[in-house]
Amino acid sequence: MASNLLNRIATFIRRRKIVDVLPYVMLLVLVVAFYLVKPIFLSNDNILVLLAQGMVLLLVGTASTFPILMGSIDLSVAANTTLTGIVAALFIPNIGVYAAVPAILVGLGFGFINGMVSVKFKLPSFIITLGTMSIMDGTGLLLSGGSPIWFQNEAFTWISKGTIFGSLQNIVVWSVMAYIIFSFLGSYTKFGRYLVAIGGGEKIAKLSGINVSKYRIIAFTFTGLLCGIAGVLQISRVESASPHFGAKLLMDAIAAVVIGGTPVSGGVGGIHRTFIGVLVITVLSNGLDVSLVHPYFQLIIKGVVVLSAVVFTLDRSKLALVK
Amino acid sequence: MADIVTRRKSLGIVIPVSFIAVLVLSFGSINPRFLSIANVYNLIRQTSVLMIVAIGATFVILMGSIDLSVGAIITISGIVSAIFVPKLGTGAIVAGVAIGGFAGAINGLVFVYGRVPSFLVTLAMGPILEGLALIICKGSPVVIKDMNFLKIASGKLMGNFPNIGIWAILIYCFFTFVAFRTRYGRYVFTIGAGEKASQFSGVSVRRIKIITFFVSGFLSGLAGVLFSARCQSGTARMGEPFILDSIAATVVGGTALTGGSGGPHRTILGVIIMGILSNGMNLLNVHPHVQIIIKGVVTILAVAATLDRSRLEFVK
């Protein structure tokens with residue numbers, strides 16, 4: 001049976017040894033392949049570009065890992081990042097660099113709303129976040145008037161493009177710092193362990209006395225917070241906020257999380273794993289760009305990558321019925 | 001509380017109908033033009049495409065699954081039919097519908113044999129179809145000039161009643177019949193109400209699931225063809241708003257996301273509500289971007305009010 005075979009493949013891939021190695025193999029294959037197609041791919045300039053490009057995805061991927069670890073999902077991460085970018089861009093003329101604050105608060109607020117609605121209304125997270133995605137997209141379009149907002153503010157641009165450490169752009173510093181903090185939270189704190197427990201078996205988690213509702217709200221709030229930071233860093237990097245920025249981000253984020261080793265069935269994997277998944281996806285996007293693959297083809301490739309990553313890692317034994 | 005109220009049979013119909021009455025009265029009193037015959041025909045033209053998509057979505061939701069690829073299917077079938085119009089004329093309908101049905105069947109096969117939750121399958125199918133559509137149309141709108149083809153949507157076979165409305169009513173009647181008077185239809189309900197129980201009773205769950213996703217793709221394909229005929233062109237992203245609208249219309253009509261209760265006959269109420277909402281907001285000059293926000297809120301509220309929580313062991 002096809003599904004049996006897939007299940008076996010998935011079980012095989014989910015084994016520690018394979019999951020740990022597979023993304024690195026993928027990364028190596030992609031790097032070698034793109035280098036052979038276009039040697040410029042491994043030039044210093046391109047590697048710096050690639051790093052800067054990947055940082056927003058690192059934040060949004062980290063953000064997406066919380067709900068996925070719990071076995072939930074947040075489809076609004078891309079819309080949230082876009083919206084917070086727009087909010088920041090609107091505040092820049094008045095408060096300059098402090099525009100980051102209201103933007104991050106908006107991101108955090110929407111994350112909190114996702115969590116609250118999920119807990120209070122007891123709705124599946126994908127439908128809530130589908131709804132809030134539409135709400136955030138609409139708000140972003142409304143605030144921006146549907147077209148990109150350009151700004152010139154050196155202090156704000158410094159957030160991403162300044163250099164604290166050598167020639168490393170700040171965007172890398174902030175993102176990696178946030179990634180390290182949240183990986184630590186995920187691996188070494190009660191919060192992180194509880195998320196894994198909830199994903200592993202919600203009923204058991206509840207019976208063991210974990211306040212599932214509380215941790216669910218916290219997780220979604222963290223997701224929103226990281227999306228807010230991502231939005232700010234993104235617009236600081238490109239010096240404009242576009243209401244259509246996030247279109248590809250959602251697929252990329254889910255793919256990065258899953259390839260990193262956190263399957264959408266939840267309960268295994270971890271936030272720290274998302275880093276390598278982000279590298280794979282960023283190398284893929286950048287490599288396709290460098291190799292001049294048409295953006296339309298890239299859309300298809302991304303869809304196929306997400307679908308196959310999910311198909312080959314999902315723990316079917318945890319889904320009694322597949323709906 | 002709320003879910004108990006709306007799921008009671010008698011109240012289930014009363015709430016959407018009274019909601020429609022309130023909307024009609026309030027929009028009508030604010031802007032008398034809302035109740036003119038011209039605007040009623042306008043409303044029919046605007047809602048017919050949604051009606052057809054939502055019928056397909058209803059079957060999928062009745063099973064407890066969901067189809068997030070309807071938007072991309074509408075886009076690709078609209079573009080494909082627009083491209084075939086110069087060669088095939090009215091026969092381009094077939095091309096559009098076929099690609100829709102094909103995409104739906106793929107959804108169903110991956111869903112059933114890959115054992116992947118339907119929202120993920122159809123979420124990933126979105127960019128795949130979207131990318132294909134963009135490649136086919138090379139990123140620019142495909143204009144349709146063939147009058148015969150345009151007439152399948154905008155022509156008038158019966159008095160002043162727009163043809164596109166006739167399509168919607170035919171599809172509505174046929175699939176309501178299918179849902180309640182055929183074995184397939186009843187099986188869709190039983191799968192939604194209890195998949196394991198229906199499997200043990202000998203229902204071929206896999207086959208029904210694949211057929212249902214095919215139906216959803218087929219109807220989205222037809223909707224795409226009609227939409228392109230109405231817009232006189234096939235354009236990229238033309239189907240996007242229908243993802244949320246079709247779910248909202250189904251759920252507002254009274255088919256809970258948990259599956260097993262409701263039915264396509266009720267979806268017409270949801271479609272009318274969504275249609276009146278956007279038509280009325282247009283007449284009141286509500287900004288289109290605000291309308292997107294309002295629809296998001298309506299969807300969440302409708303799902304919250306109708307979901308049968310007793311059937312979800314835990315909510316993910």
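Residues numbered from 1 in each chain as written. Chains lettered and ligands numbered in written order. Predicted model: local features only at pLDDT ≥ 70, side-chain atom pairs only at ≥ 80, totals over all residues.

1. Structural notes on the overall build of chain A
Under the convention used in this document: Labels follow the DSSP assignment, with helices taken as runs of H or I lasting at least four residues and strands as runs of E lasting at least two, numbered in each case from the N terminus. Radius of gyration: C-alpha atoms only; globule rule: 2.2 Å multiplied by the number of residues to the exponent 0.38. Think of it as a crowd count around each C-beta: if 20 or more other C-beta atoms lie within 10 Å the residue is buried, if 12 or fewer it is exposed, and in between it is partly exposed, with C-beta placed from the backbone throughout.
Per the secondary structure count, chain A includes 14 helices and 2 strands. A globule of 323 residues ought to have a C-alpha radius of gyration of about 20 Å, and chain A, at 19 Å, matches this closely. Here chain A, with 323 residues, has 54% of them falling under the buried criterion.

2. Re the overall build of chain B
Secondary structure assignment for chain B yields 14 helices and 2 strands. In terms of overall dimensions, chain B is globule-like: its C-alpha atoms have a radius of gyration of 19 Å, near the 20 Å expected for 316 residues. C-alpha atoms of chain B, sized along the principal axes, occupy 55 × 50 × 35 Å. For chain B, buried positions account for 54% of its 316 residues.

3. Description of the packing of helix 7 (residues 147-154) of chain B against helix 11 (residues 205-231) of chain B
Residues and elements named next belong to chain B. Test applied: To obtain an axis, a line is fitted to C-alpha atoms, over the contacting stretch when the element is a helix, and the angle between two such axes runs from 0 to 180 degrees between their N-to-C directions. Angles below 35 degrees are treated as roughly parallel, those above 145 as roughly antiparallel, those between 65 and 115 as roughly perpendicular, and all remaining angles as oblique. Throughout, a residue-residue contact means that the two C-beta atoms, derived from backbone geometry, are no farther apart than 7 Å. Nonpolar residues are Ala, Val, Leu, Ile, Met, Phe, Trp, Tyr, Cys and Pro. Charged residues are Asp, Glu, Lys and Arg, and all others, Gly as well, are polar.
One can describe the packing of helix 7 onto helix 11 by two numbers: an axis separation of 8 Å at closest approach and a directional angle of 110°. Viewed along their axes, helix 7 and helix 11 adopt a mutual orientation that is roughly perpendicular. Here F149, L150, I152, A153 and S154 of helix 7 lie close against helix 11, whose contacting residues are L226, A229 and R230. Its residues assigned to classes, the contact of helix 7 with helix 11 comprises 6 nonpolar, 1 polar and 1 charged.

4. Examining helix 12 (residues 249-260) of chain A
Note the cut-off: The span one expects for a helix is its residue count, reduced by one, times 1.5 Å.
When the terminal C-alpha atoms of helix 12 of chain A are compared, their 16 Å separation across 12 residues agrees well with the 16 Å that a helix rising 1.5 Å per residue should span. By the criterion of burial, helix 12 of chain A is predominantly enclosed, with 12 of the 12 residues buried. Here helix 12 of chain A has its buried residues at L249(A), L250(A), M251(A), D252(A), A253(A), I254(A), A255(A), A256(A), V257(A), V258(A), I259(A) and G260(A). Residues of helix 12 of chain A that are buried make contact with helix 2 (16-37), helix 3 (44-69), helix 4 (77-95), helix 13 (274-290) and helix 14 (295-311) of chain A together with helix 6 (118-137) of chain B. Taken from the residues just after helix 12 of chain A, G261(A) is the one with a positive phi, measuring 120°.

5. Some remarks on the nonpolar core
For soluble globular proteins, the rule of thumb is that nonpolar side chains tend to be buried together. Heads up, the condition is: Nonpolar core, as used here: buried Ala, Val, Leu, Ile, Met, Phe, Trp, Tyr and Cys residues forming one set through C-beta atoms within 7 Å.
Core analysis: the largest hydrophobic core is formed by 203 residues, its most contacted members being I52(B), V53(B) and L226(B). What V53(B) contacts, discounting residues up to four positions off in sequence, is V70(B), I74(B), L219(B), S220(B), A223(B), F242(B) and S246(B).

6. Some points on the interface of chain B and chain A
Every contact between the two is made by 42 residues of chain B and, on the other side, 45 residues of chain A. Of all the secondary-structure elements, those providing two or more residues to the side of chain B that touches chain A are helix 5 (92-114), helix 6, helix 10 (195-200) and helix 14 (288-306) of chain B. Among the residues forming the side of chain B that touches chain A, the class breakdown is 25 nonpolar, 10 polar and 7 charged.

7. A short note on the environment of S201(B)
With respect to the helices, strands and loops of the structure, S201(B) is situated in the loop between helix 10 and helix 11. Sequence spacing of S201(B) and F84(B) is 117 residues, and the spatial spacing of their C-alpha atoms is 45 Å.

8. Some remarks on the packing of helix 3 (residues 37-62) of chain B against helix 11 of chain B
In a pair of packed helices, the angle between the axes and the distance between the axes together describe the arrangement. Residues and elements named next belong to chain B. Two elements in contact, helix 3 and helix 11, have axes whose closest approach is 7 Å; the angle formed by their N-to-C orientations is 170°. Put simply, helix 3 runs roughly antiparallel to helix 11. For the pair helix 3 and helix 11, the contacting residues are R45, S48, V49, I52, V53, I55, G56, A57, F59 and V60 in the first and T212, F213, V215, S216, L219, S220, L222, A223, L226, F227 and R230 in the second. When the residues that make up the contact of helix 3 with helix 11 are grouped by side-chain class, the tally is 14 nonpolar, 5 polar and 2 charged.

9. Concerning helix 8 (residues 170-188) of chain A
Residue and element names in this part refer to chain A. Across its 19 residues, helix 8 extends 27 Å between first and last C-alpha, which sits within 8% of the 27 Å expected from 1.5 Å per residue. Residues N170, I171, V172, W174, S175, A178, Y179, F182 and G186 constitute the buried set of helix 8. Where helix 8 is buried, its residues contact helix 3, helix 7 (154-161), helix 9 (190-200), helix 11 (212-238) and helix 13.

10. What about the environment of V278(A)?
Note that V278(A) resides in helix 13. Measuring from C-alpha to C-alpha, the distance between V278(A) and F66(A) comes to 15 Å, with 212 residues separating the pair along the chain.

11. Observations regarding unusual backbone geometry
All names here are of chain B. Positive phi outside glycine occurs at R115, with the angle close to 50°. The topology assignment puts R115 in the loop between helix 5 and helix 6. Positive phi outside glycine occurs at Q232, with the angle close to 60°. Structurally, the position occupied by Q232 is in the loop between helix 11 and strand 2 (233-234).

12. Topic: the environment of A205(A)
Tracing the chain through its elements places A205(A) in helix 10 (residues 202-207). Setting aside chain neighbours within four positions, we find A205(A) in contact with Y194(A), A197(A), I198(A), I210(A) and V212(A).

13. Re the confidence of the model for chain B
All names here are of chain B. The condition that has to hold: Summary of the metric used: pLDDT quantifies the predictor's per-residue confidence within the range 0 to 100.
Looking at chain B as a whole, its pLDDT mean stands at 91, while 95% of the residues score no less than 70. Mean pLDDT across the elements of chain B bottoms out in helix 1 (residues 2-7) (47) and peaks in helix 11 (97). Overall, residues 1-6 carries pLDDT values under 50, and its contacts beyond four positions in sequence, including any with other chains, amount to 13 contacts. The ipTM, which scores confidence in the relative placement of chains, is 0.88 for this predicted complex, and the corresponding pTM is 0.91.

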